Amino acid sequence: MSLSKSKCTRCEESCGKGKASVDVIRKLEAAFDKLASSNSTSLLKRYLTRTIFDDLKTRKTSFGSTLLDCIQSGLENFDSSIGVYAADPECYSLFAELFDPIIEAYHGFKKSDRQPPTAWGPVDTFANLDPKDEYIVSTRIRCCRTVKGYPFNPCMAADHYREIERQIVSVLNELSGEYRGIYHPLTGMPKDVQQNLIDSHYLFKEGDRFLQSANACRHWPTGRGIFFNDKKTFLVWVCEEDHLRIMCMQPGGNVGEVYRRLVGAVTELEKKLTFIRSDRFGYVTFCPTNLGTTIRASVHIKLPKLASNMDKLKNLAEKYHLQVRGTAGEHTESEGGVYDLSNKRRLGLTEHEVMKEMYTGISEILKHEKSAK
Ligand code: ADP
Ligand code: CIR
């Protein structure tokens with residue numbers, strides 16, 4: 001099935017470029033008023049002014065995506081931190097008046113900025129952050145990729161999922177050495193196996209309400225699955241939030257080893273798959289927080305002293321451009337005093353600079369933990 005831009009996969013009609021329907025505009029109007037009077041702290045609420053809303057509410061991309069498709073998640077989930085997704089790659093430009101300030105607020109990346117060319121840099125720069133295994137439980141580095149020729153989740157038909165999965169898995173099956181592994185499709189996966197993989201932090205969770213509201217879970221579980229090597233130190237998520245989430249992880253704090261493995265994996269995959277990269281935003285992703293390098297390098301870390309004052313830990317993390325998440329990922333709580341600390345910015349910096357920011361930040365946080373009373 002080839003990707004036809006003129007045929008909208010949402011309504012299965014040739015809606016093409018044009019104007020949002022009266023029904024969409026009516027829904028937007030009602031939801032805008034509710035958001036405006038809500039106590040939401042999302043970036044959507046902060047930047048969707050009445051003027052911008054009026055400018056954007058009638059627009060529609062050639063994939064058929066409207067403002068509603070981009071902001072539905074934030075409209076339905078007032079506890080969103082961001083609240084927007086690009087329903088298709090064109091949304092970043094057609095709805096730039098909304099996306100640009102959100103992207104700047106999240107990454108510090110201005111309208112006039114450009115993502116530098118890919119630069120992994122020397123992979124041996126980073127050492128073990130916790131050689132005595134006292135604080136860091138595990139290290140994980142992931143990046144996201146969008147395969148050329150396919151839209152983002154909200155515009156994907158069931159056949160797109162089947163086709164892209166086939167394409168990705170045929171490439172994954174050719175990997176060798178430490179990257180050799182097996183693909184496990186979600187379709188037909190026993191529930192206990194799936195839950196076990198989720199609980200062990202290997203597999204994406206199911207039923208994320210932020211993604212569901214964004215129409216990113218249609219045709220689930222068609223086309224979704226996970227590939228991993230024997231040791232589960234190299235894993236690829238297929239068609240969850242993005243077409244590919246490529247990740248390496250292992251116990252302990254050896255950032256250098258995990259980074260080297262990830263760079264090798266992405267380099268191999270790029271030989272066989274063509275990924276969408278824009279001059280301005282680098283690698284293009286569904287969520288604006290992942291644009292650019294798309295790298296989220298994290299440690300699962302125990303910080304008993306700092307975490308006794310969460311406001312202090314969050315302020316410290318912010319100082320080093322780090323984000324604090326719960327143990328099971330985004331929108332979760334800490335379990336057993338383990339926090340997920342990762343780089344917040346991924347856009348406007350090279351891959352190596354992103355890694356350096358994370359590495360330096362975690363080193364500094366560890367110094368604070370060790371000297372705290
Ligand atoms: P993503 O990292 O892909 O944006 P999440 O925040 O939902 O998505 O995390 C996905 C999974 O990865 C979760 O199960 C989370 O616990 C796990 N994870 C993240 N960082 C680490 C880490 N350093 N060690 C082990 N598991 C991790
Ligand atoms: C939200 O707005 O909270 C969700 N849509 C998730 C946004 C991604 N979060 C992030 O910080 N990377």
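Here, the structure is the one placed above.
Described below are features of the structure shown in this document. (Residues numbered from 1 in each chain as written. Chains lettered and ligands numbered in written order. Predicted model: local features only at pLDDT ≥ 70, side-chain atom pairs only at ≥ 80, totals over all residues. Heavy atoms only, no water.)

1. Quick notes on the site of ligand 2
Heads up, the condition is: Residues are labelled near a given molecule or strand when at least one of their non-hydrogen atoms is within 4 Å of it. The Shrake-Rupley method, run with a 1.4 Å probe sphere, supplies the accessible areas, and residue values consider only the shown protein chains as cover. When residue character is reported, Ala, Val, Leu, Ile, Met, Phe, Trp, Tyr, Cys and Pro are called nonpolar, Asp, Glu, Lys and Arg charged, and the others, Gly included, polar. Each domain's extent is set by a domain assignment, obtained either automatically or from a database.
Around ligand 2 sit 14 residues, and of these S81, I82, Y85, Q323 and E330 come closest. For ligand 2, the protein covers 96% of the area, taking 350 Å² as the surface of the free molecule. The residue makeup of the shell around ligand 2, split by class, is 5 nonpolar, 6 polar and 3 charged. Built from parts of two domains, the shell around ligand 2 gets at least three residues from each of domain 1 (18-107) and domain 2 (123-371).

2. Details of the pairing of strand β5 (residues 225-229)
Let me state the cut-off plainly: Note on classification: 1.4 Å probe, protein chains only; a residue is buried when its accessible area is under 20% of the maximum for its type, exposed when over 50%, partly exposed between these limits. Numbered from the N terminus, helices here are DSSP runs of H or I no shorter than four residues, and strands are runs of E no shorter than two. Paired strands are those between which DSSP finds at least two bridges.
For β5, a buried count of 5 out of 5 residues is recorded, marking the element as mostly surrounded by other parts of the structure. With 5 bridges connecting them, strand β4 (residues 181-185) and β5 associate as antiparallel partners. Bridge pairing in β5 links I182 to F228. In this structure, β5 lies alongside strand β6 (residues 234-238), joined through 4 bridges in antiparallel fashion.

3. Observations regarding the site of ligand 1
As a reminder of what qualifies: N or O atoms closer than or at 3.5 Å make up a polar contact, with two conditions inside protein: a donor-capable atom paired with an acceptor-capable one, and, for residues adjacent in sequence, both atoms drawn from side chains.
For ligand 1, the set of nearby residues contains 19 residues, the closest of which are S138, R140, S298, R325 and T327. Within the side chain of R296, one N or O atom sits 2.8 Å away from an oxygen atom of ligand 1. For ligand 1, whose free accessible area comes to 560 Å², the fraction covered by protein is 94%. When contributions to the shell around ligand 1 are tallied by element, the ones reaching two or more residues are β3 (136-145), β7 (244-251) and β10 (296-302). Residues that form the shell around ligand 1 fall into these classes: 4 nonpolar, 7 polar and 8 charged.

4. So, the packing of aromatic side chains
Under the convention used in this document: Paired rings are identified among Phe, Tyr and Trp, the last through its six-membered ring, by centres lying within 6.5 Å, and are further divided according to the angle between planes into stacked (under 30 degrees), edge-to-face (over 60) and tilted (the rest). For a Lys NZ or an Arg CZ to count as sitting over a ring, it must be within 6 Å of the ring centre and within 35 degrees of the ring normal.
Tallied over the entire structure, the rule returns 13 aromatic pairs. When the ring of F227 is compared with that of F234, the centres are 6.0 Å apart and the planes differ by 70°; the resulting orientation is edge-to-face. In terms of burial, F227 and F234 fall into one category: buried. Cluster of aromatic residues (ring-pair linked, three or more members): Y92, F99, F109 and F281. A cation over a ring is seen here: K344 above Y106, with NZ or CZ 4.9 Å from the ring centre.

Treat this as a map of the structure, not an account of what it does.
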